[in-house]
Amino acid sequence: AGTIPVTPPAAFLSIDWLVRAGDRLYFRADDGVHGTELWSLEILPSKSSFHTVTSCPLLEGALLERDERRTIPVEGLCGVPAGARSVSLEVTGSSGRRIVGRFQVFASGAVPPGEAHLLFPLSRSAPRVTSNLGPEGITVWNDGPETMSFGIRVIGYEDANSRP
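A.B. asks: I keep staring at the pattern of salt bridges and nothing clicks. Help me out?
C.D. replies: A side chain of one charge can pair with a side chain of the opposite charge when the charged atoms of the two come close. A full pass over the atoms with the stated rule returns 3 salt bridges. A salt bridge links R153 to E60; the shortest N-O distance between them is 3.5 Å. You can see R153 sitting in strand β11 (residues 148-158) and its partner E60 sitting in strand β4 (residues 50-64), a full 93 residues away along the chain. Judged by relative accessible area, which is 24%, R153 ranks as partly exposed. Residue class for E60 comes out exposed when judged on its relative accessible area of 57%. A salt bridge links R85 to E158, with the shortest nitrogen-to-oxygen separation between them at 3.4 Å. Of this pair, R85 sits in the loop between β5 (69-72) and β6 (86-95) while E158 is found in strand β11, placing the two residues 73 residues apart along the sequence.

Structural data, given as structure tokens:
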């Protein structure tokens, strides 16, 4: 007796039960072609490699003018190795008045995500912001009507070999 490698279909019509044994997942499923059969798939180890670092200040008390974007290199700083895929950050900020403003963090060279990581005057800190890294690091953007003060601390990174 042996195993014949078969490529499973993109989707099954139904799955009756699942059993994991070691690095294999066994299940009974109807692929819409062969009827209900016993299937077995190898479970690949997770390639997500998130690493926590001791909270490290990347920038503190920096000023960002209204509608200003600034690119900040990250690789090689705060324990983030060259080739890291993304970073996790703690972001803090404040503006002088109680005017609504938005602060965004995103990969350098990328289009801003459209979501604000800090909304002023509603929030003063975001304890975990994750951003992919671009060719020059990250870009911060004060998409608000006035100058703001901000700080960024690195709290972790994800390896380049991690799956999205």
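A.B. asks: Is there a simple way to think about the nonpolar core in this case?
C.D. replies: Nonpolar side chains tend toward joint burial in soluble globular proteins. Counting residues in hydrophobic clusters, the biggest one holds 25 residues, and the most contacted among them are F103, I138, F150 and I152. Listed by contribution, the elements that provide at least two residues to this core are β4, β6, β7 (101-107), β9 (125-132), β10 (138-142) and β11. At 5 residues, β11 tops the list of elements feeding residues into this core. Beyond its immediate stretch of four places on either side in the chain, I152 contacts C56, P57, L58, L59, I72, L89, E90, V91, I138 and V140.

A.B. asks: Would you mind going over the sheet that holds β4 with me for this structure?
C.D. replies: Two modes of strand pairing occur in sheets, parallel and antiparallel, and in both the strands are linked by backbone hydrogen bonds. Read across the sheet, 4 strands follow the order β4-β11-β6-β9 without closing on themselves; strand pairing throughout is antiparallel. Edge positions in the sheet fall to β4 and β9, since each of these pairs with one other strand and no more. For this sheet the average axis-to-axis angle between neighbouring strands, irrespective of direction, equals 25 degrees. In the sheet, β4 pairs with β11 via 9 bridges, with the strands oriented antiparallel. Counterpart to L59 in the pairing with β11 is I152.

A.B. asks: What am I meant to see in the state of the cysteines here?
C.D. replies: Cysteine pairs can be covalently joined through their sulfur atoms, and such a bond is termed a disulfide. Inspection of the entire model under this criterion finds 1 disulfide. The disulfide partner of C56 is C78, and the S-S distance across this bridge is 2.2 Å. Judged by the torsion about the S-S bond (-60 degrees), the C56/C78 disulfide is left-handed. Of the two residues, C56 is situated in strand β4 and C78 in the loop between β5 and β6; the sequence distance between them amounts to 22 residues.

A.B. asks: I'm lost on unusual backbone geometry in this one. Help?
C.D. replies: Residues apart from glycine generally show negative phi values, whereas peptide bonds are mostly found in trans. The phi angle at D67 is positive, at roughly 60 degrees, despite the residue not being glycine. Structurally, D67 is set in the loop between β4 and β5.

A.B. asks: How should the packing of aromatic side chains be read in this particular structure?
C.D. replies: Geometry of an aromatic ring pair is reported as the spacing of the ring centres plus the angle between the planes. Under the criterion given, the structure shown has 1 aromatic pair. Geometrically, the ring pair formed by F103 and F150 is tilted, given 5.3 Å between the ring centres and 40 degrees between the ring planes. Here F103, found in strand β7, pairs with F150, found in strand β11; they are 47 residues apart in sequence, far enough to count as distant. F150 gets classed as buried once you look at its relative accessible area, which sits at 2%. For the cation-ring pair, R69 lies above W141, with the distance from its terminal atom to the ring centre recorded as 4.1 Å. The cationic tip of R128 hangs over the ring face of F50; the distance from NZ or CZ to the ring centre is 4.6 Å.

A.B. asks: Looking at this model, I keep getting lost on the environment of Y26. Mind explaining?
C.D. replies: Among the secondary structure elements, Y26 is positioned in strand β2 (residues 24-30). Residue classification places Y26 among the partly exposed positions, given a relative accessible area of 30%. In this structure the C-alpha to C-alpha distance between Y26 and S40, which are 14 residues apart in sequence, comes to 4.5 Å.

Definitions and limits used
Residues numbered from 1 in each chain as written. Predicted model: local features only at pLDDT ≥ 70, side-chain atom pairs only at ≥ 80, totals over all residues. Heavy atoms only, no water. Salt bridge = Lys/Arg side-chain N within 4 Å of Asp/Glu carboxyl O. Helix = DSSP H or I, 4+ residues; strand = E, 2+ residues; numbered from the N terminus. Buried < 20%, exposed > 50% of the residue type's maximum accessible area, 1.4 Å probe, protein only. Core = buried A, V, L, I, M, F, W, Y, C linked by side-chain atoms within 4.5 Å. Contact = heavy atoms within 4.5 Å. Pairing = 2+ DSSP bridges. Axes fitted to C-alpha atoms, helices over the stretch in contact; angles between N-to-C directions. Disulfide = S-S within 2.5 Å. Phe/Tyr/Trp six-rings, centres within 6.5 Å; stacked < 30°, edge-to-face > 60°. Lys NZ or Arg CZ within 6 Å of the ring centre and 35° of its normal.

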